[in-house]
Amino acid sequence: MLDIQLLRANPAQVAARLATRGVALDAAAFEVLEAERKTLQTRTQELQAKRNSLSKQVGMLKGKGEDASAVLSEVAGIGDELKANEEKLAVLQERYNAFVAVIPNLPHESVPVGRDETGNVEILRWGTPRSFGFAAKDHVELGERLGGLDFETAVKISGSRFSLMKGGIARLHRALAQFMLDTHTGEHGYTEVYVPYLVNPDSMFGTGQLPKFEEDLFRVPRADGSQLYLIPTAEVPVTNIVRGEIVDLAKLPLKFVCHTPCFRSEAGSYGKDTRGMIRQHQFDKVELVQIVHPEKSWEALEDLTGHAEAILKKLELPYRKVALCTGDMGFSAAKTYDLEVWLPAQNTYREISSCSNFEAFQARRMQARFRNEKNKPELAHTLNGSGLAVGRTLVAILENYQNADGTVTLPDALRPWLGGLERLAPEA
RNA sequence: GGAGAAGUGGCCGAGUGGUCGAAGGCACUCCCCUGCUAAGGGAGCAUACGGGCACAAACCUGUAUCGAGGGUUCGAAUCCCUCCUUCUCCGCCA
């Protein structure tokens, strides 16, 4: 959520910055709403103050055993107007909140301005895409030949956009997640957490998935009429660890790493990436989350992105780092770096990690605070990034490490997690 | 799933209709005192939002908040209803 003070003080300026994201803020409509709110709230509070002080008088008179009927009849006179005002204010407040809740974060000044992904700016490339002496196969073909990727059976069990892994590929998938977790806990100072995969609406609101993006989520209705949602990323449960909390200054930064499945309905992406494991309803991801002092969040974004890059480097997968432009960033982000891994079969770089600083946007929605140097509660800054998407990492390894005979040599860095497995080959 | 008990500020804890946003204690901050010692004295110390206010801080003032939501009342931490959570016992179960 944006700082409401900023929006009140400078609606035009906020609108201009949002316009760079392609979002039209109706500043005029907001100002009408704001004016209405101000009048109504002031009036309501006046009436409440009057009622409170008169009621206090009643108490004092009765305490002394005196007659309070004059005061009682005076207070009775404001009852109707007060009630009407309170009801109107509640309705207005709801409209007001709904208006503010769907406004995305303001882009940081360093974010390149652009309409869509074509406006993104490449920051660096690492590694050199390998040249194959043969026609490189894609992961679907490789996986099916190896007998470890079975999309047909997944379709039978669940439907399209699900996958089923077996044998060495399933083992590789598990090893990747373990390798990432162990690297981030052992080398980057993160604390491993295990979290619920179903979360309540408040948590989804806190990180910004609700109210605007419900159609991207899997919703689970319950018998009592309430609902839970399957997490689209570990960011949701992990960041919400600090929802409504006031953390001691000395505890910052909080750094969590978490491996979970992620569930996305992928509404509106029909026909996109339908082949293979690139875009699934369910995929595993190792997520990095940091809760930091506001003065440290930009430094933390660079660190966190570096932690995700370290995984790609250890796996020796060529990648590039891209700064997303204003028009391509997610709802809650102030700035985002995408890491894109080289996929030889597609002859292109594909997103494998997204690292963002949300500044106080999420913290304000979830009232995640810390006690600052003056001992006062202050909103923290939150960040997260994939470190990495496990399924896409698996795809990248299959494709980049494939041999002419269709076998796949596994990266050295993964050996300790593979129980002696060095190569994927078709089962006899 | 059944029976019972309970949810109050950073923490502990008092408060069963009226100057209660809430005693007291701990922790914390500042000041004083003390030649050392987890000693003593004083003051301050919840959050959100609004108004004063034209930007910020400070300050003053108001409103709301005692698990959440609704209700009764001139007035609710206190009474009523619904829900949530925790604890104890029973049942069931990875």
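The structure under discussion appears in the preceding block.
Computed from a predicted model, the values in this text were never measured in an experiment.

A.B. asks: It is not clear to me how unusual backbone geometry should be interpreted in this structure. Could you clarify?
C.D. replies: Generally, phi is negative for residues other than glycine and the peptide bonds are trans, each holding for most cases. Backbone torsion omega between L210 and P211 reads 5°, so that peptide bond is classified as cis. Within the element layout of this structure, P211 appears in the loop between α8 (201–207) and β4 (219–221). Following G387, the chain continues into L388 via a peptide bond in cis, with omega recorded as 10°. Residue placement: L388 occurs in strand β14 (residues 381–389). In this model, R161 sits at a positive phi of 70°, which is unusual for a non-glycine residue. Within the fold, R161 resides in the loop between α6 (151–157) and α7 (167–187). Owing to a relative accessible area of 11%, R161 belongs among the buried residues under this scheme.

A.B. asks: Just to check I follow, could you spell out the protein's contact with RNA strand B for this structure?
C.D. replies: Looking at RNA strand B, there are 22 residues lining it, with R8, K38, Q48, S55 and R369 nearest. Within 4 Å of the protein, the contacting atoms of RNA strand B are drawn from sugar and phosphate to the extent of 69%. A distance of 3.1 Å separates a phosphate oxygen of RNA strand B from a polar atom in the side chain of Q5. In this structure, a sugar or linking oxygen belonging to RNA strand B sits 3.1 Å away from a side-chain N or O atom of Q41. Within the residue set of the surface near RNA strand B, elements represented by two or more residues are α1 (4–9), α3 (27–63), α4 (69–101) and β12 (369–371). In terms of residue count, the dominant contributor to the surface near RNA strand B is α3 (14 residues).

Calculation rules
Residues numbered from 1 in each chain as written. Chains lettered and ligands numbered in written order. Predicted model: local features only at pLDDT ≥ 70, side-chain atom pairs only at ≥ 80, totals over all residues. Heavy atoms only, no water. Helix = DSSP H or I, 4+ residues; strand = E, 2+ residues; numbered from the N terminus. Buried < 20%, exposed > 50% of the residue type's maximum accessible area, 1.4 Å probe, protein only. Near = heavy atom within 4 Å. Polar contact = N/O pair within 3.5 Å; in protein donor to acceptor, adjacent residues only side chain to side chain.

The quantities given are spatial measurements derived from coordinates; they are silent on function.
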